[in-house]
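# Notes for the structure review
What follows is the residue order along each chain.
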Amino acid sequence: MSADHEIENLLHEDRHFAPDSEFARQAIAQPALYQQAQADRLSFWANQAKELHWHKPFTQVLDWTNPPFARWFHDGEINISYNCLDRHVEAGNGDRVALYFEGEPGDSREVTYAELTRQVKKAANVLTELGVKAGDRVAIYMPMIPEAIVAMQAVARIGAVHSVIFGGFSAESLSTRIEDAQAKLVITADGGYRKGKASALKPAVDEALSGGKCASVKNVLVVKRTNQDVAWVEGRDIDWSLALGEASDEHVAQPFHAEHPLFILYTSGTTGKPKGILHTTGGYLTQAAYTHKNVFDLHAEQDVYWCTADIGWITGHSYVAYGPLANGASQVIYEGTPETPDWGRWWSIVQKYGVSILYTAPTAIRSFMKMGSQFPNQYNLSTIRVLGSVGEPINPEAWMWYRKVIGGGHAPIVDTWWQTETGAIMISPLPGITTLKPGSAQLPLPGIELKILDDDGNVLGNGHAGLLTITEPWPSMLRGIWGDPERFQDTYWSKFDGIYFAGDGAKFDEDGDLWLLGRVDDVMNVSGHRLSTAEIESALVSHPFVAEAAVVGAKDETTGQAVVAFVILRQSQLESVGSDADVSKILRDHVTKEIGPIARPRTIMVVGELPKTRSGKIMRRLLRDVAEDRPVGDVTTLADTSVMDIISGKIAGGASD
Ligand code: PRX
């Protein structure tokens, strides 16, 4: 791991922050939670599951007779939407605000639990009328508006399976994901507001479905958010508000088996093809609700919770669309970008709604830090009492800034480690219990068993870096990769038999606190978003200019990592565009079109050769040295050891945005 020396510095972090005694006294999570889980892990999880409403109670907690295919609470029956909505209304909390929606232009809407339930019932009736049945797939491609939550909840309510595709993905990515899941319906919007203007979404859907692609799609349900002009395919496209306007608001939630599929969420792996991670119902909701309540210390009657993640990512599923609603929380959702109209926007939202729990990513924190404390300092942030971090390691400097400037110097920070695959938080301090250490995710949550192993499967003790593995099944674990059980087995369960390998390096320090050391595979983490080197390489070589490409994630001060591409060009093709063509821009635009703006390389370096081993494998480690401007490491395994001199010497050909 190239960042090892920095990690060593981090591991000498000796600042500790003990919990405040008053906070500890009132905290939801009490130390007994660890003891209960230790004493009997399965009955601990059964107790968490019993916090939910079961139409038919389960009798077996876990069936692990056919690993890695787990079944949790499998003979129980449940409806996830009933748990997130109806039961709060029936308990007399219908007037509680479920969503405080803040649009980027400044429009806002409060949606109570009663109103959200009514909307979801109407949407469920619309979906049923369109012929969507339990088990059918529905693609959702939407901005962060209340209708996005309504759509997810309505799909889940009728037992259909949603596949949310982040609005930043291109038409091409959208189309591959719709095809892979064979979605019957797409729910989208004309557009949403970003960076001060209306940005379109519907044209990408039209393009994704054009030319006979995605023939499984029968209808497109369109929310009109921006009222911009959009093309309309008669018979296929349906106006969301007209359809909901006519629909009945009576809908009785039917029970489904606990293992009924809930959603597919595509994420990048080590190959060019994204994986459709499959989650199911009962176990997923159990762990999403349990972690949301305990990790964030949610007191539903008083707190205003805000998770800044988009519904296109797993964090937006577990900690916006499901966990908070299952717990009856009042939450903020914000449509736009943090810098619109200026870098004070988030803090004005915190002040406006009295946000008490804020959950965001280190990239955002580092950006705010760079812009300066004068923005948050203009607002009253005194309501904040818990802060969360997710998606990438948080460096101690950003941690300290977050606590001091946003958390008033006292709010506990929960650094939460988890993955699309784990479905919910796995490693995190518990506020009010854990003595915090900046930069460390600290401890597995009660109910989670993990070990750090070396390559041969030996357990490593404190102070030794190795591979992070989860040794016992957990309720919100992925149940498979859509349509590819073999890949599921190979990717996660084959390195160590019956043990889940997460793809991350980690280490326990001398106190037994856990530090995440980044990915050990060819997956990058850019602004907390997962990208695959192979996927970007295949986008690059699909351009006629490119003969070969190698992509690495290079360290970046703000985004954690940045995409750096090394390309060998086809000279013959280049002649057609003339010598003054901006090849870098052309290739960056091409990646944006193929995958989406999140994958756009920061830097393209044109080289004559790529460093390869004798067996032809590209040595990314050496390219990372070049990209991070370090002396190039050991080259002895290269087929041609002079290649790195040539590359380092020729880097003048590089270009950045
Ligand atoms: O490398 C880890 C990093 O993000 C990866 C999972 O990415 P994704 O499935 O997109 O989910 C992100 C949101 C849960 C992990 O394999 N990661 C996530 N959280 C942390 C982290 N790395 C360090 N510290 C974290 N708190």
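Residues numbered from 1 in each chain as written. Predicted model: local features only at pLDDT ≥ 70, side-chain atom pairs only at ≥ 80, totals over all residues. Heavy atoms only, no water.

## What about the sheet that holds strand 23 (residues 480-481)?
Taken in spatial order, the eight strands make up an open sheet running 12-11-8-6-7-14-15-23, and their pairing is mixed. In this open sheet, the two strands that pair with only one neighbour each are strand 12 (237-239) and strand 23. Relative to strand 14 (residues 261-267), helix 8 (residues 171-181) is tilted by about 145 degrees, and along the sheet it contacts strand 6 (137-141), strand 8 (185-189) and strand 14. (Pairing = 2+ DSSP bridges. Helix = DSSP H or I, 4+ residues; strand = E, 2+ residues; numbered from the N terminus. Contact = heavy atoms within 4.5 Å. Axes fitted to C-alpha atoms, helices over the stretch in contact; angles between N-to-C directions.)

## Some details on the packing of helix 3 (residues 32-39) against helix 4 (residues 41-49)
Between helix 3 and helix 4, the shortest axis-to-axis distance is 5 Å and the interhelical angle comes to 125 degrees. With respect to helix 4, the element helix 3 is oriented oblique. Taken together, the residues of helix 4 that come into contact with helix 3 (itself represented by Leu 33, Gln 36, Ala 37 and Ala 39) are Arg 41, Phe 44 and Gln 48. Classifying every residue of the contact of helix 3 with helix 4 gives four nonpolar, two polar and one charged. (Parallel < 35°, antiparallel > 145°, perpendicular 65-115°, else oblique. Nonpolar A, V, L, I, M, F, W, Y, C, P; charged D, E, K, R; others polar.)

## Describing helix 5 (residues 80-93)
In helix 5, a bend of some 40 degrees at Asp 86 exceeds every other bend along the element. Taken residue by residue, helix 5 has Ile 80, Ser 81, Tyr 82, Asn 83, Cys 84, Leu 85, Asp 86, Arg 87 and His 88 as its buried positions. Contacts made by the buried residues of helix 5 are with strand 3 (77-78), helix 6 (113-129), helix 7 (146-157), strand 14, helix 11 (282-295) and helix 12 (314-326). (Bend = angle between axes of the 7 residues up to and from the residue. Buried < 20%, exposed > 50% of the residue type's maximum accessible area, 1.4 Å probe, protein only.)

## Some details on the side chain of Arg 177
Its location among the elements puts Arg 177 in helix 8. Buried Arg 177, no salt bridge; nearest opposite-charge side chain is Glu 535, N-O distance 4.3 Å. For Arg 177, the residues in contact, after removing those within four places along its chain, are Ile 165, Phe 169, Tyr 266, Pro 274 and Glu 535. (Lys, Arg positive; Asp, Glu negative; His and termini not counted. Salt bridge = Lys/Arg side-chain N within 4 Å of Asp/Glu carboxyl O.)

## Brief notes about the site of the ligand
Near the ligand there are 17 residues, and of these Thr 416, Thr 420, Asp 504, Arg 519 and Arg 530 occur at the shortest range. About the coverage of the ligand: the protein hides 95% of its 550 Å² of free accessible area. For the shell around the ligand, the secondary structure elements donating two or more residues are helix 12, strand 20 (413-416) and strand 25 (514-519). When its residues are assigned to classes, the shell around the ligand shows six nonpolar, six polar and five charged. (Near = heavy atom within 4 Å. Areas by Shrake-Rupley, 256 points an atom, 1.4 Å probe, with all protein chains shown as cover.)

## A short note on the packing of aromatic side chains
Across all of its chains, the model carries 33 aromatic pairs by this definition. Between the aromatic rings of Tyr 319 and Tyr 359, the centroid separation amounts to 5.8 Å while the plane-to-plane angle is 85 degrees, which identifies the pairing as edge-to-face. Linking Tyr 319 in helix 12 with Tyr 359 in strand 18 (residues 357-360), this pair joins segments that are 40 residues apart in sequence. Residue Tyr 319 is classed as buried on the basis of its relative accessible area, which comes to 0%. Ring geometry for Trp 474 and Tyr 500: centres 5.2 Å apart, planes at 75 degrees, overall edge-to-face. (Phe/Tyr/Trp six-rings, centres within 6.5 Å; stacked < 30°, edge-to-face > 60°.)

Take it as geometry only, folks, not as evidence of what the structure does.
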